[in-house]
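Here is what each chain is made of, one letter per residue.
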Amino acid sequence: MNAHASHLQPVDAGGLPVYPIAVGERLESHYFVEFHYQRWLTSDTRLLADLEVRSVFLDLICLAQTQSPVGTLPTNPKLLAKLVGLSQEVFDGLCKREVGPLHNWAPCLCDGVQRLHHPVVTEIALKAVNSKKRNAAANANDRERKRFASIRKILVRDIPGGARFAESQSMVEQISGWIEGEYPGGSCTVTRVKEALNALSARE
């Protein structure tokens, strides 16, 4: 089916695949795209499309990284023409070719809104999102370890009788949680650790 015609024809939304990346997902530091050049060199699009189409196709892959959800494109051909910087007439002409710039792009649902997705672009975007989540989790764990170490150090060094609390992982976690609740994003100072101890003692 011609790619240009397919995204202009009515589509049964109930039969569309749901895009696996949430609309609110952002990749602010996503400055490069994982590009498998061997897959591209042997792909149908590169082998069957002419040079103009290939150029626009690659532009669309890059532009999809800036969209929401990441990895998708709008279905509106006017928006697509604007994105690639072509006149509507030129873009429509490219899409009418046997292999156009929307080759293998297909409709999907993103929070109930129809968008275009491409299986390879989706694969790349998913890898980037999952990598971001893994890095965020690792950074959060590292911050937590440093916060616990800071609390233990303060308990042992600056608070009389605090060494026994430093030996309790549960108490350290409670102090950390109290400080985070009262001073979101704040550091664990001596004063705040003392405040946390007083507040936790008052609960008993």
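Here's a quick rundown of the structure. (Residues numbered from 1 in each chain as written. Predicted model: local features only at pLDDT ≥ 70, side-chain atom pairs only at ≥ 80, totals over all residues. Heavy atoms only, no water.)

### Remarks on the nonpolar core
1) Next: Counting 21 residues, the largest nonpolar core has L60, L73, L80, F91, L102 and W105 as its most contacted members.
2) Next: It is helix α4 (residues 51–64) that provides the largest number of residues to this core, a total of 7 residues.
3) Next: Ranked by size, the runner-up nonpolar core spans 17 residues in total, among them I151, I159, A166 and W178. (Core = buried A, V, L, I, M, F, W, Y, C linked by side-chain atoms within 4.5 Å. Buried < 20%, exposed > 50% of the residue type's maximum accessible area, 1.4 Å probe, protein only. Helix = DSSP H or I, 4+ residues; strand = E, 2+ residues; numbered from the N terminus.)

### Quick look at the pairing of strand β3 (residues 113–117)
1) Next: For strand β1 (residues 72–73) and β3, the ladder comprises 2 bridges, and the chain directions are antiparallel. The residue of β3 that forms the bridge with L73 is L116.
2) Next: Both strand β2 (residues 106–110) and β3 contribute to a ladder of 5 bridges, which runs antiparallel. Each residue of the ladder has a partner; that of C108, found in β3, is R115. (Pairing = 2+ DSSP bridges.)

### Here's the deal with a nonpolar patch on the surface
1) Next: Taken together, the side chains of F35, Y37 and L41 present a nonpolar region at the surface, about 320 Å² in accessible area.
2) Next: Within the fold, L41 resides in helix α2 (residues 37–41).
3) Next: With a relative accessible area of 39%, L41 lands in the partly exposed category. (Patch = residues over 30% accessible without salt bridge, like charges linked within 9 Å, V, L, I, M, F, W, Y side chains within 5 Å. Areas by Shrake-Rupley, 256 points an atom, 1.4 Å probe, with all protein chains shown as cover. Salt bridge = Lys/Arg side-chain N within 4 Å of Asp/Glu carboxyl O.)

### Focus on the sheet that holds β2
1) Next: Overall, antiparallel pairing links the 3 strands, which are arranged β1-β3-β2 in an open sheet. Since the sheet does not close on itself, it has two edges, and those belong to β1 and β2, each with one partner.

### A short note on helix α10 (residues 190–203)
The α-helix winds at 3.6 residues per turn, so residues separated by three or four positions along the chain end up facing the same way.
1) Next: Here α10 spans 20 Å end to end across 14 residues, near enough to the 20 Å set by a 1.5 Å rise per residue.
2) Next: Buried residues along α10 sit against α7 (119–158), α8 (163–166) and α9 (169–182). (Expected span 1.5 Å × (residues − 1). Contact = heavy atoms within 4.5 Å.)

### Some remarks on the environment of C110
1) Next: Note on placement: C110 falls in strand β2.
2) Next: Since its relative accessible area comes to 5%, C110 is described here as buried.
3) Next: In this structure, the C-alpha to C-alpha distance between C110 and I21, residues 89 residues apart in sequence, is 8.1 Å.
4) Next: In contact with C110, other than residues within four places in its own chain, are Y19, V23, P69, T72 and R115.

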